[in-house]
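Below are the chains, spelled out letter by letter.
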Amino acid sequence: MYVDPIRTDIHPATWAVVGVKKNPDGTAQISHRGTAFAVDGSGHLLTCWHVTYMDNDYKVDCDEFLVLQPELALNVRLKATLIAREKDRDIALLKIEGDNRTKAVRFFGGTAVWGRSCCAFGHALPLADAATQSIRLFTRAAAGVVSQRFQGSIFSDTRAVQLVELDFFTHPGSSGGAVFLNNGDVIGMVRGTLLVDDGTGKQVRSNLSMAVSIHEAVEFLKPLNVHPQIRGGTRR
């Protein structure tokens, strides 16, 4: 059901995001931070705000970013620059340096209602080798349906935004990956597995995932003068 859109629309537009932190001795620490996807042909990549940090507490900025497509361009690593990021929407925009052209996804202009089949795609579950400073990246896809659409705050100190709950699990490293319909139209961006209360007050991972609505991405990109292709429907 999703083989064709992954092969023709989503995979060619998807990139792994690697953060680089320079050490005082001249060495550098590298870490796979998540996934991104191209929103135009000029190298603009959309990812999550939290992907742009080196740590899981979102306090240590990356000094540099490298983006790559492991299966499509072996051993090709391109530098990318952080253009903008916003915590409220958990969204960020990277730009590949130079004149590299990118295959872009297509946004869905309508509303993916409850029960609509969808799929998430990203570069997840990395294996790092500290001795060789290398990272082995994997590609993962997961599918299910839209559980619900709702307005909610992603972090405790941010305003409510449009979110999409998915009834399937997404692997760590998928953050920033596209959530799309069976025609390849993107309806959202993965931000992570949904945490739920286990009954004792402890937050644990569930089999559900949360995505930021693609309509939030449209609004985020407008003042940045980045214009993704949008097809079908009306904004609701």
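See the structure shown above.
In this numbering scheme, every chain counts its residues from 1 along its sequence in written order. Thresholds applied to this predicted model are a pLDDT of at least 70 for local features of residues and 80 or more for the giving and counting of side-chain atom pairs; totals over whole chains, interfaces and linings are not thresholded and use all residues. To get the side-chain values, take all heavy atoms of the structure and skip hydrogens and water.

J.: Can you lay out the overall build of the protein chain for me, pointing to particular residues and giving the numbers?
T.: The number of helices and strands found in the protein chain is 2 helices and 16 strands. Over its C-alpha trace the protein chain gives a radius of gyration of 17 Å, about what one expects of a compact globule, namely 18 Å for 236 residues. When the backbone C-alpha atoms are referred to their principal axes, the protein chain occupies close to 50 × 50 × 35 Å. By sequence separation, contacts in the protein chain at least 24 residues apart represent 63% of the contacts at least 6 residues apart. Using the Shrake-Rupley algorithm and a 1.4 Å probe, accessible areas are obtained, with residue cover drawn only from the displayed protein chains. Carbon together with sulfur atoms contributes 50% to the accessible area of the protein chain, which is approximately 11,000 Å² in total. Distance between charge centroids for the protein chain: 4 Å, based on 26 positive and 24 negative side chains. Helix and strand labels come from DSSP, where a helix needs a run of H or I of at least four residues and a strand needs a run of E of at least two; each type is numbered from the N terminus. Using C-alpha atoms as the atom set, the radius of gyration is obtained and then compared with a globule rule of 2.2 Å times the number of residues to the power 0.38. Contact between two residues is taken to exist if any of their heavy atoms lie within 4.5 Å; hydrogens are not considered. Think of it this way: Lys and Arg go in the positive column, Asp and Glu in the negative one, and His and the chain ends go nowhere. For this purpose, a charge sits on NZ of Lys, CZ of Arg, CG of Asp or CD of Glu.

J.: Just give me the short version of unusual backbone geometry, but keep the residues and values in it.
T.: At Asp90, a residue that is not glycine, the phi angle is positive and equals roughly 50°. Mapped onto the elements of the fold, Asp90 is located in the loop between β5 (78–86) and β6 (91–96). Burial here depends on accessible area, computed with a 1.4 Å probe over protein chains only, as a share of the maximum for the residue type. Under 20% is buried, over 50% is exposed, and the range in between is partly exposed. Given a relative accessible area of 0%, Asp90 falls into the buried group. In the Ramachandran plot, Asn225 falls in the positive-phi region, its phi being about 60° despite a non-glycine side chain. The topology assignment puts Asn225 in the loop between α2 (214–221) and β16 (229–231).

J.: Before we move on, can you summarise the state of the cysteines with the specific residues and values?
T.: The criterion for a disulfide is a pair of cysteine sulfur atoms lying within 2.5 Å. Scanning the entire structure with this criterion turns up 0 disulfides. Cysteine Cys48 remains unbridged, with the sulfur of Cys62 as its closest cysteine sulfur at 13 Å.

J.: Can you lay out the nonpolar core for me, pointing to particular residues and giving the numbers?
T.: Membership of the largest hydrophobic core comes to 39 residues, with the highest contact counts inside it found for Phe37, Leu46, Val67, Phe107 and Phe180. Ranked by residues supplied to this core, first place goes to α2 with 5 residues. Buried Ala, Val, Leu, Ile, Met, Phe, Trp, Tyr and Cys residues form a nonpolar core when they are joined through side-chain atoms within 4.5 Å.

J.: So what about the sheet that holds strand β4 (residues 64–68)? Which residues, and what values?
T.: Here, a strand pair is defined by DSSP locating no fewer than two bridges between the strands. Ordered in space as β1-β2-β3-β6-β5-β4, the 6 strands form a closed barrel in which the pairing is antiparallel. Averaged over all neighbouring strand pairs, the angle between strand axes comes to 45°, with direction disregarded. Pairing of strand β1 (residues 14–22) with β4, which is carried by 5 bridges, proceeds in the antiparallel orientation. If you follow Val18 over to β4, its bridge partner there is Leu66. Every axis corresponds to a line fitted to the C-alpha atoms, with the helix fit spanning only the stretch in contact, and the corresponding angles, defined between N-to-C directions, vary from 0 to 180 degrees. Sheet strands touched by α2: β2 (28–38), β3 (44–47), β5 and β6. Its angle to β6, the strand with the most contacts, is close to 60°.

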